[in-house]
Amino acid sequence: MFKFLRRFLKSEEDQQLRLKEKFSHFRRLLEGNNQALEIMADMEEKLAEEYLFDTGYIRSQVDRLAHQVTQIITELNKLTQDRYPELVVVHRQLQEAIQQELTSTPEVPKTPYILPLTDLTREMAASVGSKMANLGEIRSRLEMRVPDGFAISAWAYKRFLETSGLAEELKQYLTQSSLDDLESLEAVSEQMQTRVRQAQLPPDLAEALIQAGQSLAGRGVAVRSSAVGEDTHYSFAGQFRTLLNVPPEQLVEHYKEIVASKFTSRAIFYWKYQQFSVNELPMAVGCLAMVPAKTSGVMFSVDPHAPDSNTLVITAVWGLGKYAVDGRISPDIYRVSRTGDHQVQEQRLAQKPVALTCAPEGETKEISLPPEQGQSPCLTPEQIKSLAEIALKLEKHFGGPQDIEWAIDERDEIFVLQTRPLRISAAAFGAAATPPPEPTAPPLLKHGIRAVGGAAAGPVYLFLDEKDTANIPPGSVVVARQPSARLVLVMDRIAAIITEVGSPTGHMSILAREFRIPTLVEVGGATRILRTGQMVTVDADTARIYQGIIPELLVSPPAAEEAWRQNPVFEKLRWILKKITPLFLLDPDSPDFQPGNCRTWHDITRFCHEKAMDAMFDQDVEESLRASGVMRLKSEIPLNLFILDLGGGLRTAGLETVEEQDIACRPFQALLRGFHHPRVSWAGQVVVDFKGFMSVFANTLYDMAKSERGLGGKSFAIITENYLNFNSRLGYHFSIVDAYLSEEQNDNYISFQFKGGAAEPERRERRARLLGKILQELGYKVQVKGDLVQGRLVKYSLLETEQTLELTGLLMAFARQLDLALASDAVMNRFLTAFREGDYSLRFLRPEQAPS
């Protein structure tokens, strides 16, 4: 006897513990899912907008996301008794592919060691670095004046390090350095530079350098770094060495000196901080004939401090430009109009007591300037105009603001020495800094949350049923009650998306961001106010929707900085996101909705979220009733209802009998409010015709147990503060409600299932169709098969989900005996109208209240 009691009690305790653990796994899965979606949204935003990021950001986000996806899979398998082991394999394969891309280094193109400047174009940046590639582009395609010279390719650098054994040796040195220990970094840097200077070039490379140097014999040369990756998104300004006015006959030594400068302490700090590895940034080198500059300087094609002022900036010094960039002296500064005759809007002439010039014996020397020269402007109005024209021409050709080094020789000829993208903050070019004029017409709607910025116009298409996806006309502004991932099927041809609910981190928002479709979510009332065919303009940035086309809002956004979008870090993020954010598992009801078909991490999170809700939905009532702590609910509602509180679901713990005022579970409170709607009567039965009566008789004749289950069957509710799983038997049907309510919109959902009845199959199926129609109008995604109705509503706000749950309770009470009365489709439509009009009492169907 005692053994039996111990086993019984142990079973009760284990059952309660099992349910608590199940709910904990579910809650942790939801948290992981939210974290994963936020990380994906952040990474996509970095790709779509003009934000700065580096490889460190990508690695950090990938690690965080991989951890969250692992956690989600783990929790799902704990929730389902390891039902989905294949997810672990798919996740590992995706992780390996992403890590491989993260750790890969760009392939160095195999080219000749020496490439003449006349052969270079911007497309050859991977071979000679952007600095030399751009100079070749300027010379060959823009026919601007640049110095004579050639590039020593990245392939030469690769061969140098491989044949000398430096590649592995330098990598070992770097493992000894730490960015937090600058003294150690200095020591390692000195050792590395010494090793580079001591190493022997491959004989064929040394011979190629000697031969190339002879092409500039008798002239001083400038030997400059042109590392691959330099002068793109990462300027590396001043990090690598430049040798000025050195003899070309010593090019082998000069070359090694430039390569060694990649390993100065400040250079190592910079490129390690930017998360480059030693095998990245292959050091190409430029060798250019010196320009004996009379005047030199730098110019920005846009004033970076006042980008809306329509001016450019030129700085100038006497002599070589080194003093203009390293701060040795203050240069003259000119703010010049970008239009017309390029008038000087403002100038500041500095005292320039000295200048750097080419020394006759080689290299450079500083000279003192006569006072009158030091005080006089370095540039004439004509030179300023010519420089402005060059700046604007380069900006147009390279597709964005430019940072340009220039020099003017003794014959007043202007040379371009370097051009690279000018980094200006996003606000300078973004809509926020220069908002479009306010339209005079009042907006139709002026609320919502921007999920994807921008503006677009088109005819409205009310998207109220996912089956209509293929019918969405091109160019439409799609207006829907809730987000739908199925819209990905038409995202290449729609103009904008508006949903009444949703989140910027939801599945659809992520997809819309990938396609750069202006998208607003949380636009309550949109499906009521907007009509199919109505022409509207959507301004997602200000969350406003206007009647008709507002041209001033549809101004094309400024061109993106192409150089920035072509840099290897940007390309790496773009590639990695292809393994992360696309969503291929669109339909949970499709037979293809399987773990093995997950092609991205987004697919995995979507799959796990769906299956977790299914797992919570599928509770075993009989097992749950055996758990300890089960209490009976004392209520006026004719339900034989038992409750198990897993934590926070009741105001007071330890009660033997629970009344409704003791319930603290928010979703259960909402459902009970629906049950108690004042227009719903639980008393009496509906009037049935003779066929209805016979159908009940026939249906129960062959299932004697059914009549016993009836209203007296046990119903059961598992509750927490935010969660409800409600299994009920009302009449001869079964219904399940599984719901979660919280401030976190991504977590909110209601799953609903209804099946059975006492009437013949035709009438039960008619009730199922009636329920399906009403649920769909409440916002559920619905499936009806025979007398089975399944619905799911996800990611509505707390208030909206709560209100829908209350209406769901009302609907359950309203429909509990209707199958007996649904003699025809016409009667079904009458009930549908009654529900829409708020006539829930159905008094005319009740014998004791029917008219005599």
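Everything here concerns the structure above.
Here the residue index of a chain counts from 1 through its sequence in written order. Local features in this predicted model are restricted to residues of pLDDT 70 or higher, and side-chain atom pairs are both shown and tallied only at a pLDDT of 80 or more, whereas totals for entire chains, interfaces and linings draw on every residue. To get the side-chain values, take all heavy atoms of the structure and skip hydrogens and water.

The helix and strand labels rest on DSSP assignments: H or I over at least four residues marks a helix, E over at least two residues marks a strand, and numbering proceeds from the N terminus. Regarding its fold elements, the protein presents 26 helices and 29 strands. With a 1.4 Å probe rolled over the protein chains alone, any residue whose accessible area is under 20% of its type maximum counts as buried; one over 50% counts as exposed, and the rest are partly exposed. Going through the 852 residues of the protein one by one, you find that 54% of them count as buried. In this analysis, two residues are considered to be in contact whenever any of their non-hydrogen atoms come within 4.5 Å of each other. Across the protein, the fraction of contacts at a sequence separation of at least 24, relative to all contacts at a separation of at least 6, is 66%.

This paragraph deals with the packing of helix α2 (residues 55–79) against helix α3 (residues 86–103). Between the N-to-C directions of two axes lies an angle of 0 to 180 degrees, each axis being a line fitted to C-alpha atoms and, for a helix, fitted only over the stretch in contact. Relative orientation of the contacting elements α2 and α3 amounts to 175°, with a least axis distance of 11 Å. By the angle between their axes, α2 is roughly antiparallel relative to α3. Mapping the contact onto sequence places Ile58, Arg59, Val62, Asp63, Ala66, Val69, Thr70, Ile73, Leu76 and Asn77 in α2 and Leu87, Val88, His91, Gln95, Ile98, Gln99 and Leu102 in α3. Note that Gly is not counted as nonpolar here; it falls among the polar residues with everything else outside the nonpolar set of Ala, Val, Leu, Ile, Met, Phe, Trp, Tyr, Cys and Pro and the charged set of Asp, Glu, Lys and Arg. In the contact of α2 with α3, the residues fall into 10 nonpolar, five polar and two charged. Each angle is binned into one of four classes, with values under 35 degrees roughly parallel, values over 145 roughly antiparallel, values of 65 to 115 roughly perpendicular, and all other values oblique.

We now examine the environment of Glu346. Among the structural elements, Glu346 can be located in strand β9 (residues 344–348). Note on Glu346: relative accessible area 45%, which makes it partly exposed. It is 9.6 Å that separates the C-alpha atoms of Glu346 and Val313, two residues lying 33 residues apart in sequence. When near neighbours in sequence (up to four residues on either side) are disregarded, Glu346 contacts Ile333, Tyr334 and Arg335.

Only Phe, Tyr and Trp rings take part, Trp by its six-membered ring, and two of them pair if their centres are within 6.5 Å. Stacked means planes under 30 degrees apart, edge-to-face means over 60, and tilted covers everything else. According to the stated counting rule, one finds 13 aromatic pairs in the structure shown. Arranged with centres 6.1 Å apart and planes meeting at 55°, the rings of Phe26 and Tyr723 form a pair that is tilted. Linking Phe26 in helix α1 (residues 2–48) with Tyr723 in strand β25 (residues 723–730), this pair joins segments that are 697 residues apart in sequence. Taking relative accessible area as the criterion, Phe26 reaches 0% and is therefore assigned buried.

Should a side-chain nitrogen of Lys or Arg be within 4 Å of a carboxyl oxygen of Asp or Glu, the pair is scored as a salt bridge. In total, this model carries 34 salt bridges according to the counting rule given. Note that Glu346 and Arg335 form a salt bridge whose closest N and O atoms lie 3.2 Å from each other. One end of the pair, Glu346, is in strand β9; the other, Arg335, is in strand β8 (residues 332–337), and 11 residues separate them in sequence. Note that Asp787 is salt-bridged to Arg764, the shortest N-O span being 3.0 Å. Of the two residues, Asp787 is situated in the loop between β28 (781–785) and β29 (788–794) and Arg764 in helix α24 (residues 761–778); the sequence distance between them amounts to 23 residues. Arg764 carries the same exposure label as Asp787, and that label is buried. Within the structure, one salt-bridge network assembled from shared partners comprises Arg606, Glu610, Lys611, Asp614 and Arg792.

On to the state of the cysteines. Disulfide assignment relies on a single distance test, namely cysteine sulfur atoms paired within 2.5 Å. Enumeration according to the criterion identifies zero disulfides in this entry. Summary of cysteine pairing: Cys598 is not part of a disulfide, and the nearest cysteine sulfur, belonging to Cys608, is at 7.2 Å.

Below, the discussion takes up the packing of helix α8 (residues 203–214) against helix α9 (residues 251–260). Think of two packed helices as two axes; the pair is described by the angle between the axes and how far apart they sit. Two numbers describe how α8 lies on α9: the axes approach to 9 Å, and their chain directions differ by 115°. Overall, the two elements α8 and α9 adopt an arrangement that is roughly perpendicular. Taking contact as the criterion, the partners of Leu205, Ala206, Leu209, Ile210 and Gly213 in α8 are, on α9, Leu251, Val252 and Tyr255. Residues of the contact of α8 with α9, tallied by class, amount to seven nonpolar, one polar and no charged.

This part takes up the nonpolar core. The criterion is simple. A nonpolar core is a set of buried Ala, Val, Leu, Ile, Met, Phe, Trp, Tyr and Cys residues joined through side-chain atoms within 4.5 Å. Core analysis: the largest hydrophobic core is formed by 55 residues, its most contacted members being Ile663, Phe668, Phe675 and Phe726. The element contributing the most residues to this core is helix α25 (residues 798–814), with seven residues. One finds Leu19, Val90, Leu573 and Phe607 within the second-largest nonpolar core, a separate group that totals 52 residues.

As summarised here, the arrangement of the five strands in space is β1-β2-β5-β3-β4, forming an open sheet in which the pairing is antiparallel. Unpaired on one side and paired on the other, β1 (114–116) and β4 (242–246) mark the two borders of the sheet. Each neighbouring strand pair of the sheet contributes to a mean axis angle of 20°, computed without reference to strand direction. Think of it this way: DSSP has to see at least two bridges between two strands before they count as a pair.

By this rule the span expected of a helix is its residue count minus one, scaled by 1.5 Å. When the terminal C-alpha atoms of helix α13 (residues 381–398) are compared, their 26 Å separation across 18 residues agrees well with the 26 Å that a helix rising 1.5 Å per residue should span. Buried residues of α13: Gln383, Ile384, Leu387, Ala388, Ile390, Ala391, Leu392, Leu394, Glu395 and Phe398, and no others. Positive backbone phi, at 80°, marks Gly399, one or two positions downstream of α13.

A few words now on the side chain of Glu500. Within the fold, Glu500 resides in the loop between β17 (496–499) and α15 (507–515). Within the buried core, Glu500 has no salt-bridge partner, and the shortest N-O distance to an opposite charge, that of Arg481, equals 5.0 Å. Under the rule applied, a polar contact is a pair of N or O atoms within 3.5 Å (in protein, one hydrogen donor and one hydrogen acceptor; residues adjacent in sequence only if both atoms are side-chain atoms). A polar side-chain atom of Glu500 sits 3.2 Å from the main-chain amide nitrogen of Ala526. Excluding anything up to four places from it in sequence, Glu500 contacts Ala480, Arg481, Glu522, Val523, Gly524, Gly525, Ala526, Thr527, Arg528 and Glu800. Counting rule for charge: Lys and Arg are taken as positive, Asp and Glu as negative, and neither His nor the chain ends is counted.

Here we take up the pairing of strand β16 (residues 477–480). Burial of β16 is two-sided: the residues Val477 and Val479 facing one way and the residues Val478 and Ala480 facing the other way are all buried. As paired elements, strand β15 (residues 455–463) and β16 share four bridges and run parallel to each other. Paired with Tyr461 across the strands is Val478, a residue of β16.

Moving on to helix α26 (residues 825–836). Taking 1.5 Å per residue, 12 residues should reach 16 Å; α26 reaches 16 Å between its end C-alpha atoms and fits that length. Considered for burial, the residues of α26 that qualify are Met828, Phe831, Leu832, Ala834 and Phe835. The buried residues of α26 occupy an angular sector of 160° when the element is viewed end-on, so they sit on one face. In α26, the exposed positions that point more than 90 degrees away from the buried face belong to Ala826, Arg830 and Arg836. Structurally, α26 contributes buried residues whose contacts are with α24 and α25. Starting at the helix axis, one direction is taken to each C-beta atom, and the arc is that of these directions.

A few words now on a nonpolar patch on the surface. Patch membership is restricted to residues that have no salt bridge and whose relative accessible area is over 30%. Joining uses 9 Å for like charges and 5 Å for the nonpolar side chains Val, Leu, Ile, Met, Phe, Trp and Tyr. Residue-level accessible areas treat just the shown protein chains as cover; the underlying method is Shrake-Rupley with a 1.4 Å probe. Taken together, the side chains of Met535, Ile549 and Leu554 make up a nonpolar region of the molecular surface, amounting to roughly 240 Å² of accessible area. Structurally, the position occupied by Leu554 is in the loop between β20 (544–547) and α17 (562–565). Given a relative accessible area of 32%, Leu554 falls into the partly exposed group.

To continue, consider the environment of Gln402. By the element assignment, Gln402 lies in strand β12 (residues 402–409). Residues Gln402 and Gln418, spaced 16 residues apart in sequence, show a C-alpha to C-alpha distance of 9.8 Å. When sequence neighbours within four positions are dropped, the list of residues in contact with Gln402 reads Met299, Phe300, Ser301, Leu394, Glu395, Thr419, Arg420, Pro421 and Leu422. A distance of 3.2 Å separates a polar atom in the side chain of Gln402 from the backbone oxygen of Gly400. For Gln402, the side chain forms a polar contact with the side chain of Thr419, separated by 2.7 Å.

This next bit is on the side chain of Thr537. Here Thr537 is to be found in strand β19 (residues 535–539). Once residues within four sequence positions are removed from consideration, Thr537 is found in contact with Ala456, Ala457, Arg544, Ile545, Tyr546, Gly548, Ile549, Ile550, Leu553 and Leu554.

Right, let's talk about the sheet that holds strand β7 (residues 311–318) for a bit. The sheet built from six strands is open, its strands ordered β9-β8-β7-β6-β12-β13 with antiparallel pairing. The two strands at the open ends of the sheet, each matched to only one other strand, are β9 and β13 (414–421). Strand-to-strand twist across the sheet, computed as the mean angle between neighbouring axes with direction ignored, equals 20°. Strand direction decides the pairing type here: strand β6 (residues 293–300) and β7, joined by six bridges, are antiparallel. Looking across to β7, one finds that Val298 is bridged to Thr315.

This part covers the environment of Pro307. Turning to its location among the elements, Pro307 is positioned in the loop between β6 and β7. Taking the C-alpha atoms as reference points, Pro307 and Pro401, 94 residues apart in sequence, are found 10.0 Å from one another.

Moving on, we get to the pairing of β17. Here β17 shows two buried faces, one formed by Ala496 and Ile498 and the other by Ile497 and Thr499. As paired strands, β16 and β17 are joined by four bridges and run parallel to one another. Bridge pairing links Ala480 to Thr499 in β17. Relative to strand β18 (residues 519–521), β17 runs parallel, the two sharing two bridges. Along β18, the bridge assignment pairs Ile498 with Leu520.

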